[in-house]
Amino acid sequence: MSEKPKRVEHQKLPREVIRALQDVVGPEWVSEDRAVVEAYTLFTIDLGSFLRKHTRDPSLLPSCVVLPSSTEEVQAIVKIANRYNIPFAAFNNGQVMNSPVYSKTIFIHLARMDKILDIDEENMSMTIQPFVDYVTIQAEARKRGLWNGGSGWHSATAKPASQFTSAGLWQTDLKYQGLSRNVLGIKVVLPTGEIVNMGSHAVVGTGKYSFTERFPGPKLMGLIKNSFGTRGIITEITIKLHPWVGGAFLPEDTGRPSIAHYYEEAKQQKFDNPPPPKRYKLYWFEYPNLETLVEGLLKIARSGIGIGLNASGFYFAMMCARTSMEARKRIEQQLVPPYVGYVVIAGISCEDQIKYEEKVLKQILEETGGRLLSEEYKPDVLKAVTPWNLEFAVNTVTGMRTVRDWYLTTSITPYAPFYSAIDARDVWAEAMKKIGPTHDLFSPLGAICPYLYIVDRGHQIETEIDQFPKRNDFKQLLATLESFGFLKSTFIKKLYYGSWMEVPGEPFASSYPETGPNMYLIWRKYRKVFDPKGLMMARRAILSDEEFKKAQIEKPGGAVRTFRKWREILGLPKLKPTPDKTAWEYPAEPSE
Amino acid sequence: MGWIVGPFKRLEDYREEVWHCIRCNWCKIGFGWNVKSQKYHWNCPSFTKYRYDAYSAQGRMHIALALIEGMMDWKDSEKLLEIIYACDTCGACAINCMRIMENNPVEVIEALRARAVELGIGPMPAHKRFGENVKKTHNVYGEPHTDRMKWIPEDAKPSAKADTALFLGCTPAYRKTDIARATARVLKASGIEYMILPDEWCCGSPLIRTGQLDLAKELVKHNVEVIKSLGIKRLIFNCAGCYRCFSIDYPKLGGDLDVELMHIVELVADLYEKGKIKFKEVPPEVVTYHDPCHMGRYLGVYDPPRTILNAIKGIKLIEMERNKDQAWCCGAGGGVRAAFPDLSLWTAKQRVNEAIDTGATTLVSSCPFCASNLEWAIKDMGVNMKFQDITQIIEKIILRS
């Protein structure tokens, strides 16, 4: 007789805490129901939450979920958490690393804070509450001849308020440089409950006139940026808007799918064929190999043309496919060549701007060995990537659609633009050899050509390699952790900063004191100032002295052991704890 | 028909699918390219009203995961039944999820409901009445079975025997008889010889949607036998729910029929395009069209009603922001109208407001169940908006060529 599976129970908070929370938001907006909290245990890019789900870790379940509707309510909730010493975490959609670590945690879900507070056409800015997503920002801005310049990874998942605390990649990073360069001001509820206005919001009353991220407030925003929800909850954010010349509404797709006939319609290519917006044109090109592709990309980027420039044929093939079967077929048949890229050219000033930039592009392609795809040359490829006609503007299908098998970790090696792309490919090829793929067909693709985002006119190439484990397969998840440890250790060895995504998160940060160096200790200091009781996202992104001692020295978990193993194998310096075991000695001892 | 056909799967059969949900959140908002404003960017009535993730497809998928893996028991939550039943099963989540992840969360939600019924926990009390009524009177309203054909107009009587049959459905037969009459007159005016099943029972859709599959099987068996025994070659529907049920659910419940299935709007649009019928001009009127979920999103019938409305001189059709596969539900489906009238009315009001924002004065649809709910909302709101089923427009202006 098989053993009955172990039920997982959540720990409830004292009644007085629940009552206090209910007094703030109203009883209907606080729930500690078992089914309600269950919906807050798995997060998008959070390997830890999936591994812990498999091991039935009860601390994955928050004690209760609270839905505030205003900054003041967020503040009151945070103060209650401080009063009763209860860990808390705030989130929007739960994109990155939100799962709690302590059993008794209050989850603050910002789903009711969904208002656009102001659109300032003259100063080209928009002030929004945290639950406003990129899709709606673009829809409202477009009607005013504006847009915010791009959409975060998967525009339903990413919202500016939360993306600002984690990352920010857009298809249009070439010109607009992603979210981190496009935030003018924020209102933040600190972990202790104070409200602070930063950026243009710093002087009360100026929030509406957010004209620059430089003045008048002190540049405190950098403390919140990439803080992974450890230093405050953004309750208002003002973002830049830029001119949009593509019309008030995006063009209609040629058809719409249905549920019953989805696969037939997909086969007939009935939907996912949108034309580009007027005065925006995508030019697709290919190169014979990765080296010439990167060289060409940098030349195009530095020439000043275009608003978006990205590459990797494989990923496009996958993301533009209507079904996973179609994606698989495209890869197997090599429909989209591996060294393909595109540049989005916008006629912002006039139609002639497109003509001029096209001329420049053609010249660069000729000089660098690239070739433009056209109705005469590989028209089937152009047809296959039609979703990208709108994708650059709204980011509807990227990311999760890749292979319908999820992608879990992304490893990005910024800086040293040319070599980082080449190195990323080679490192991934090495990972494939050592650990094996987590997806039979798609994982090895990064070893041919990773996804390349060209940022800031070629100052930087962000290189992304994805893994595709099945989430219901514990072994595949462990293999993903292994390759993550290999990648991270290798990148550190090669003196790359590593992934933006993992840096502030634990146990990565304290496993790699080279970052910073000792960035984990700087964050620990920040935490002591911002969050003296250590309640916000406790143990998730920053470890206290005691937490470090436990997690790294006395009782290292699976992830820590994996990272340490790969450090050792790859010959990174051996980490030696300080006498009180609350940190590493740094510089570490060189490895033998 | 496509991938959806096959027997109803049990909850455990969705293990891979539920782990597959990574909260991309496209189950909560409109497909990015199609969103035109903040006001109308939501797509899930249940999440939009309740805001807890548990009330979204993502939340329900994760709850299903916990139940399948035995991490949670059905008795652990007081809200569980409400969570799985406060959903119109409108498929707005499913169409996006299929496009992104190739999952269909509505199937999982319906499997949760079926399991709740198996365990004796579900359905909701209001849904149990569906079953009780069907057992007694073969319709969900508990009306006398003998009254099912009471609506038949003198001027459009069906034939006693024909290759084509009109499958009426409970709502047109007992609650929206004006739509039933209009349908009969449209068929008559089109020159279609049709009959009505002498012993038509509820199609089973309300039972299937609420997890009462065993009872639904009896209805399917009966209707299929009747249709086969009469040698019917074509079934016409004026209820989008019945149409979807026959098209998608019947094959899953063993109700295979070698019969052509079509909605009245498909028939009329086809006749119009072939030049067999035409329409009289009407006084100038601005209308907007509400796609019933069962017919639009589920079966992909988007163009025929638009073909008809655009063909009528005098009518100007303006689309609502959320249309076709992205249409906002009327709020009546999935047993919500019976068990959660507040959610149902709130959902319908959202739709009426969207219709008002187009500038239209008439809201048109092609489902009697949508009609009931949208009319309820219009009345409750006291707004200057008229609802008309598309057959009610056609019946007055249809001419044979």
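Definitions and limits used
Residues numbered from 1 in each chain as written. Chains lettered and ligands numbered in written order. Predicted model: local features only at pLDDT ≥ 70, side-chain atom pairs only at ≥ 80, totals over all residues. Heavy atoms only, no water. Helix = DSSP H or I, 4+ residues; strand = E, 2+ residues; numbered from the N terminus. Buried < 20%, exposed > 50% of the residue type's maximum accessible area, 1.4 Å probe, protein only. Polar contact = N/O pair within 3.5 Å; in protein donor to acceptor, adjacent residues only side chain to side chain. Contact = heavy atoms within 4.5 Å. Domains from an automatic or database assignment. Buried area = accessible area lost by both parts, 1.4 Å probe. Salt bridge = Lys/Arg side-chain N within 4 Å of Asp/Glu carboxyl O. Pairing = 2+ DSSP bridges. Right-handed = clockwise from strand over helix to strand, strands pointing away. Core = buried A, V, L, I, M, F, W, Y, C linked by side-chain atoms within 4.5 Å.

## Thoughts on the side chain of Lys53(A)
Move 1: With respect to the helices, strands and loops of the structure, Lys53(A) is situated in helix 3 (residues 47-54).
Move 2: Looking at Lys53(A), the relative accessible area reads 5%, which means it is buried.
Move 3: Side-chain polar atoms of Lys53(A) contact the side chain of Thr41(A), separated by 3.1 Å.
Move 4: With residues up to four places along the chain from it excluded, the contact list for Lys53(A) reads Glu38(A), Thr41(A), Leu42(A), Leu60(A), Trp19(B), Leu65(B) and Met71(B).

## Considerations on the domain arrangement of chain A
Residue and element names in this part refer to chain A.
Move 1: The domains assigned to chain A are domain 1 (15-109), domain 2 (116-243), domain 3 (262-395), domain 4 (406-501) and domain 5 (504-569).
Move 2: Summarising the inter-unit geometry, the C-alpha centres of domain 4 and domain 5 are found 22 Å apart.
Move 3: Facing 13 residues of domain 4, the contacting portion of domain 5 comprises 13 residues.
Move 4: The contact between domain 4 and domain 5 buries some 1,100 Å² in all, and 73% of this surface belongs to carbon and sulfur atoms.
Move 5: Contact with domain 5 buries area across many residues of domain 4, yet Leu481, Glu482 and Ile492 alone supply 38% of it, more than any other trio.
Move 6: Our count for the contact surface shared by domain 4 and domain 5 stands at 1 salt bridge.
Move 7: Where Glu482 meets Lys565, a salt bridge forms, and the shortest distance between an N and an O atom there is 2.7 Å.
Move 8: One can count 3 residue pairs in polar contact (both at pLDDT 80 or more) joining domain 4 with domain 5.

## Notes on the pairing of strand 9 (residues 386-389) of chain B
All names here are of chain B.
Move 1: Judged from the 4 bridges that link them, strand 8 (residues 362-365) and strand 9 form a sheet pairing that is parallel. Opposite Ser365, over in strand 9, you have Asp389 as the bridge partner.
Move 2: Read as a crossover between parallel neighbours, the route from strand 8 over helix 17 (residues 368-381) to strand 9 is right-handed.

## Comments concerning the pattern of salt bridges
All names here are of chain A.
Move 1: Taken as a whole and judged by the stated rule, the model has 66 salt bridges over all chains.
Move 2: Linking Lys159 and Asp133 is a salt bridge whose minimum nitrogen-to-oxygen distance equals 3.4 Å. Taken together, the residues Lys159 in the loop between strand 7 (146-147) and helix 6 (160-164) and Asp133 in the loop between strand 6 (125-128) and helix 5 (134-142) connect sequence positions 26 residues apart.
Move 3: Put simply, Glu547 and Arg527 hold a salt bridge, and the shortest N to O gap is 3.2 Å. One end of the pair, Glu547, is in helix 20 (residues 545-554); the other, Arg527, is in helix 19 (residues 519-530), with 20 residues separating them in the sequence.

## Here's the deal with the nonpolar core
Move 1: Counting residues in hydrophobic clusters, the biggest one holds 176 residues, and the most contacted among them are Tyr40(A), Ile106(A) and Ile186(A).
Move 2: The element best represented in this core is helix 3 (residues 57-68) of chain B, accounting for 7 residues.
Move 3: Every residue in contact with Tyr40(A), bar those within four places of it in the chain, is listed here: Leu60(A), Pro62(A), Val65(A), Leu67(A), Phe91(A), Phe107(A), His109(A), Arg23(B), Arg51(B), Tyr52(B) and Asp53(B).
Move 4: The next biggest cluster of nonpolar side chains, apart from the first, holds 108 residues, and it includes Tyr262(A), Phe271(A), Ile196(B) and Tyr243(B).

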